[in-house]
Every structure is written in C-alpha cells, then in structure tokens.
Amino acid sequence: MLERLELGCYGSSLLELWKYNQTVMAGLSKEEIVDKLNRTTVSPMTGHTVQFAELLGDVKRDWSGRIVSAGSLVTHWFVHVNFSEVDSDVSGNAAGTEDWVTENAVLWEEKFLQIVAKAKRELSNNETNIYYAAGRSYGDISEESMFKDMDKLVYGGIVMFVYMQLVLSKFSWTEFRVILGSVGLMSVGMGFICGCGIVAAIGVSYGPVHTSLPFLLMGLGVDDMFVMMACYRKVRKANPDLQLAERMGLMLQHAGASITVTSLTDIVAFIVGSITVIPSLQSFCIYAAAGVFMMFVFVITFFVAIFTLDEIRIAGRRNSFLLWIVHDEKSTSLWCEYNLMHRFINALYSKFLLTTVGKTLVIIAVVLMTSVNVHNLLKLRQKFDPNWFIPEDTYYNQFVVKTHEHYPNAGYEAMLLFGNLNYTAELPNLIRITHQLENRTDILHSFSSWVTSFQDFVHMHYDKDVAVDPLSDSDFRKYLTKFLFSYEGGRYQMNIKFATKLKCGQPAPNITVTTMDFKFRPFKEREDYLPAKYAVEEVLAQSNISTGDHYRTLWAKIFGNWVTDEIIDTEIYRNISLALIGVMFCSVVLIVNLQICFWIFICVLLTLVNVGGLMQVWGLTLDLVSCIALQLAVGLCVDYAA
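Residues numbered from 1 in each chain as written. Predicted model: local features only at pLDDT ≥ 70, side-chain atom pairs only at ≥ 80, totals over all residues. Heavy atoms only, no water.

## Focus: unusual backbone geometry
It is generally the case that most residues other than glycine have a negative phi and that most peptide bonds are trans.
Here is step 1 of the chain: Phi at Asp 58 is positive, roughly 55°, even though this residue is not glycine.
Here is step 2 of the chain: Tracing the chain through its elements places Asp 58 in the loop between strand S2 (56–57) and strand S3 (60–61).
Here is step 3 of the chain: Of the residues examined, Asp 58 reaches a relative accessible area of 40% and is grouped as partly exposed.
Here is step 4 of the chain: At Asp 463, a position not held by glycine, the phi torsion is positive, near 55°.
Here is step 5 of the chain: With respect to the helices and strands, the residue Asp 463 is situated in the loop between helix H14 (450–462) and helix H15 (473–484). (Helix = DSSP H or I, 4+ residues; strand = E, 2+ residues; numbered from the N terminus. Buried < 20%, exposed > 50% of the residue type's maximum accessible area, 1.4 Å probe, protein only.)

In structure tokens form, the structure reads like this:
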C-alpha cells in the first residue's frame, strides 16, 4: 500500500497548512490564518514536524508570544539533482559560477523564473512586493554581466583616444595622430582577442572578473605607445638628418628596453598570480599574462609599421583626416605647433617639482603619507563576497538584500557528511558528535541529526539506549527501517543513502553515505566565521571514527566565500613577495643598474603600502579584485619608476 502512494514535490510553504486548497483558503479570515499558524507544528501535507514561524520575517508577537503579524513570507521549492547525470557541456557551470545541475532542473528553474517574474509585474503594488531567485540565478547574471560593460569599454576607448591625441599630436592639420591613435587602440583590442583565444584554446574558462581585462590592457598598451613617441621625438631632435628607417630603429633601440621591462614585469607578476588555488584568480592571471604578451607583440610590430607610415604621411604634408589633401608649409598650422600635454608636464616640473622647494615638499608628503598609511594598512579588513559581482539592479541582488533585511538570523546551511562506515559500531561516536555540536550554540544556529532521533525512537519503542547498549547488526537494520518509515523519522530518509533501495518491512541495506544538517550563525566578519569552521572541523577530527573508509567531512555552500578569505589571507603576501622577487630580477637583468633598481624597489614598496592604507581609509576591504590590483601594481610601478 505504501509503495502505491503518489509521490509529490517537496516544498516549504505556509500554504501547507491548508493543503494548497484554494477553495478553503479563499474563505479564510485573518484571525483564522493567525490561529492556524500558531497552533500547527506538524505539516498536514507531509506529517513531519515543521516550524512555520521560520518562514516569516519581521515577526511581531503579543504579550503571550503568539504571532500576530509578519513583514515578509518566504516559500521554498526543492529541485532534485542527480549529480551522476550532470553534463557540464549542457548545463551546470556557466562562466564558472553556476551550481552543477541536470538539464531538466535547469529547464524547470527557467520556467519558474518566468512565472514569478510575471507574478511580480502583475501582483506587486505599494503594499506588497515579490522577490525571487533560483539556483541558476547567480550563474545567469554573472554570465550576462560579463558583457554588460561593453558600453563602458566604448566610452573608455573614446576617452583614451582623446587623451592619446593630447599626448601624441601637435595641433596642425598634418600632425594630428588620428590614424596612429586608432591603430594603437586597435592593437590593444587585437592583443586582447588573440590572448583570450590562445588561453581559451587550452581550456581555461572565462569568468566575470575578466571584464576588467580590456581596460587594463588599454592602459598598458597606450603607455607603451607614449614611450615610443617620446623616444622618437628625442631621436628626431638629436639626429634630424637620419633616414626614417634609421630613426625608427634608434627609437626602438631606446624605447625597447622600457617597453620590454613594462611587459615582462607585468607578465611575471601575473604568472606568479596564476599559481593561486583560487580558480577565478588563476584564470584571470593567465588571461592577463597572455593578453599583455600578445599586446606587446602587436605594439612592436603592427603599431610600429603604422607609425612609420604615419611619419611618411607627415613628411608628405598630407592631411590627418583627408589623406588626399596635401598642405603647403603655410596652411598646415591649425592652432599651435606644440602638443598641450608636453607643455603642461614641462611647466609643472620646471616651475615647481624640480625646484628645491618642490623637491622638499614632495619628500615630506611621501614620508607623511607613508607613515599614516602604514598605520592604516595594519587595520585593513579582509573579506570576500561573490555577491559584489552581481549588479545592484538585478532581481537576484534585490532578493539577497531583502533576505538579509527580513531574515537577519537565518544563518548559513551546512552539513556533516560521513562515508561508508560500520554504522552499528559507530552510533555512539555519532551521538557524541551530535551532542558536542548541539551544545555549541555560540557558533551554531540549529542542528538536526538523525542519530539522536533514532536513539529516541529505539528508546521509546524498544526500551534500549543505543548510546550505552550496543545493537546487533540485524537489530540496527530492522530498527532503522522502522524509524525511516515512521512519523518521527520519515523526514530523515533524504539524509541517508543506501547501497540498494530501502523498502518498508525489510532490513535496511548497507549505508553508503549519511549527512547531518545544521546552520552556522549569521556571522559577518572573518574573525567570527573562520574560527567557527575550525571548531566544527576539530570536533570531526577528534571523533574516533575507526571503521569503514573513515570518511567524514564538513561542507557548506558559504565555504566558497570563507575558504576564499582564508586563501587570500595566506596567498596575498606570498604572491606579492614572489612577484616582487621576479619583477626585481627582471629589472636588474634588463636595466643593469643596481642603484636604479634599488630606488625602483623602494617605489614599489611605497606604492603597495600607500594603496593598502588608502583602501582602509576609503572603507574598502581586501578581496579577490584587490589581490589582482596589488599584483599588477608591482609590475606597473617598475614600469613608471624605470
């Protein structure tokens, strides 16, 4: 009879109180709803013990503790996932951010999101709103956000193009560097595309963090072009009679060392970063190293070739915009013969910074800023939250914000997982683990264990205490089947996996995996949640489990954040130290001047200290993106110092 019963979807909803009967619910008054909610502790749908109050947020109670109103209501639908059927080529790992899931579950969630989005549009008003999310939401939005900043890339390109004209051009009809600036930005784009293509070909995934890579390459590439132009002007001024080909050769001879130092040190810094165990950071560093290398190749080849052709155009007095128009010497002037950026920098340095007063003020400012920022750096907070990668205007971010607002004490779901053990012999150890963790109310919000419920069941029906009186294997299997098909133990069927199907009335098969569910308290700072994680791990380590495969572990989805924090804490100093060593070695080899290299090293240290200190002043935290920025700063400082 039991096996003929119809199976149903598993959910968690206040509507269970009336078995989803719309006719009954339509005639309910507010008093009847409140009364039913306060009196019911067993779900009329499943027969299991349920705390319906946990579905409510901003709960208000009267003097007797009776719930009278609430500000929010949450409903959960649970989707079954058979991980052995997950195909990562079809679904389950979009941009490296989505949960692993089967294709059917993905399609169900897609339809679910469509239905609730429609309900939000039609039912939301000034008093009530609907917020929603699904397991695929984070992956979907992360994947979409990777290409949402394309408009900003275009705007950034326009701003950079204008800036390049101010630096590279002289304001005459023939010496506007419109073509050269366009080709320079094109070289950056070619380097980005080729670098991504090469890395993607070897199977490295492209993630949301990588959207900043084009802006990074744009800054590095344009800087190389400025160095070339500055060297070319010096060569032309010192050797006005040389042929164009010889001038370009001398320009590359002088600028080549600086460009090579720039690119090589950045590549070394990113290669060091790629040894991290954080997949997203590792992927970004590999893409960045490949992008910098390919951009370097295009700058010293393609850009130099167009630079040469542009010099031929200028020598022929051809118009910068309309190449077929040739100007005479009197008609080339448009505004002034000098580029504005050159005049501004020259005036700043000669009139202020290179004076005795200017040098003194600079040194005093550096000493004061560094002293203050050393103090600030010691107070810099470290934290990582993947929700920072989600745009604020998305439905998922709104759901997360409202959940934290209305359910601040919900905690973080976690589980203990045990492997193929002799559970008959290990029951006392499992009960001991349960009691130890139930007593840790300082770190755990709640704990649900099948072994203590099983202990109570056996004691009630068979007058045996399994913690003291060992069961025979046959009794354990018989009692376990009765427990899992009982009112008290039916809900724990999902916590135990058997070698074969569990059948009512037959001894339980061999257990392959069991879990115990619990919730961590809603910690906010790493000083709280990392010690809590270590405390649970210590309980497991001291559990004295000695049978079967000895396997036991702790798992929680939130560990993705917590472990990243833990790794960043240990890796950031190691990676920055290794990057400093590698970059300074390259500088010594390429610059061959120990005194210059020493001052470069000082500049790098001052930059890292002051950037870290300013992060603390601005209220920023040390996270995944900060690690990338600090490693990049090592390479960039060498470039500018050199």
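From this point on, the discussion continues.
## A short note on the side chain of Lys 120
Here is step 1 of the chain: Mapped onto the fold, Lys 120 is located in helix H3 (residues 103–123).
Here is step 2 of the chain: Here Lys 120 is buried and forms no salt bridge, its nearest opposite-charge partner Glu 405 lying at an N-O distance of 12 Å.
Here is step 3 of the chain: At a separation of 2.9 Å, a polar atom in the side chain of Lys 120 contacts the side chain of Asn 129.
Here is step 4 of the chain: Apart from the residues lying within four places of it in its own chain, the contact partners of Lys 120 are Asn 129, Ile 130, Tyr 131, Tyr 132 and Gln 398. (Lys, Arg positive; Asp, Glu negative; His and termini not counted. Salt bridge = Lys/Arg side-chain N within 4 Å of Asp/Glu carboxyl O. Polar contact = N/O pair within 3.5 Å; in protein donor to acceptor, adjacent residues only side chain to side chain. Contact = heavy atoms within 4.5 Å.)

## With respect to the packing of aromatic side chains
Here is step 1 of the chain: Across all of its chains, the model carries 24 aromatic pairs by this definition.
Here is step 2 of the chain: Summarising the aromatic geometry, the rings of Tyr 529 and Trp 562 are spaced 4.8 Å apart at their centres and angled 5° between planes, so their arrangement reads as stacked. Here Trp 562 lies in helix H17 (residues 559–591) and Tyr 529 lies in helix H16 (residues 526–541), a separation of 33 residues in the sequence.
Here is step 3 of the chain: Take Tyr 529: its relative accessible area is 3%, and that puts it in the buried class.
Here is step 4 of the chain: Note that Lys 120 overlies the ring of Tyr 131, its terminal NZ or CZ placed 4.7 Å from the centroid.
Here is step 5 of the chain: Positioned above the aromatic ring of Phe 559 is the side chain of Lys 533, whose terminal nitrogen or guanidinium carbon lies 5.6 Å from the ring centre. (Phe/Tyr/Trp six-rings, centres within 6.5 Å; stacked < 30°, edge-to-face > 60°. Lys NZ or Arg CZ within 6 Å of the ring centre and 35° of its normal.)

## Considering the UniProt feature "transmembrane region" (unreviewed entry) in the chain
Here is step 1 of the chain: Per the UniProt annotation, the sites labelled "transmembrane region" (unreviewed entry) are residues 153–173, 179–203, 255–277, 284–309, 352–374, 578–611 and 617–638.
Here is step 2 of the chain: End C-alpha atoms of residues 578–611 are separated by 19 Å, and the span's content is 94% helix alongside 0% strand. (UniProt positions renumbered as here; feature names shortened; annotations may be inferred.)

## Section: the packing of helix H5 (residues 150–168) against helix H6 (residues 178–201)
Here is step 1 of the chain: Packing of H5 against H6 brings their axes to within 10 Å, and their N-to-C directions diverge by 135°. Regarding the angle of H5 to H6, the classification is oblique. Both H5 and H6 take part in a crossing whose hand is right-handed. Residue-level contacts link Gly 157, Met 160, Phe 161, Met 164 and Gln 165 of H5 to Val 178, Gly 181, Ser 182 and Leu 185 of H6.
Here is step 2 of the chain: Across the contact of H5 with H6, the residue classes tally to 5 nonpolar, 4 polar and no charged. (Axes fitted to C-alpha atoms, helices over the stretch in contact; angles between N-to-C directions. Parallel < 35°, antiparallel > 145°, perpendicular 65-115°, else oblique. Left-handed = near helix turned anticlockwise from the far one by under 90°. Nonpolar A, V, L, I, M, F, W, Y, C, P; charged D, E, K, R; others polar.)

## Let's talk about H6
Here is step 1 of the chain: The end-to-end C-alpha distance of H6, which contains 24 residues, comes to 34 Å, matching closely the 34 Å that a straight helix rising 1.5 Å per residue would cover.
Here is step 2 of the chain: Positive backbone phi, at 95°, marks Gly 203, one or two positions downstream of H6. (Expected span 1.5 Å × (residues − 1).)

## Examining the nonpolar core
Here is step 1 of the chain: Of all hydrophobic cores here, the largest spans 52 residues; its most connected members are Met 164, Leu 213, Met 228, Met 251, Phe 270 and Phe 307.
Here is step 2 of the chain: Elements that contribute at least two residues to this core include exactly H5, H6, helix H7 (213–238), helix H8 (244–273), helix H9 (279–315) and H17.
Here is step 3 of the chain: Sorting elements by how many residues they give to this core places H9 first, with 15 residues.
Here is step 4 of the chain: Among the nonpolar cores identified, the runner-up in size contains 48 residues, and Leu 416, Phe 457, Leu 530 and Leu 554 belong to it. (Core = buried A, V, L, I, M, F, W, Y, C linked by side-chain atoms within 4.5 Å.)

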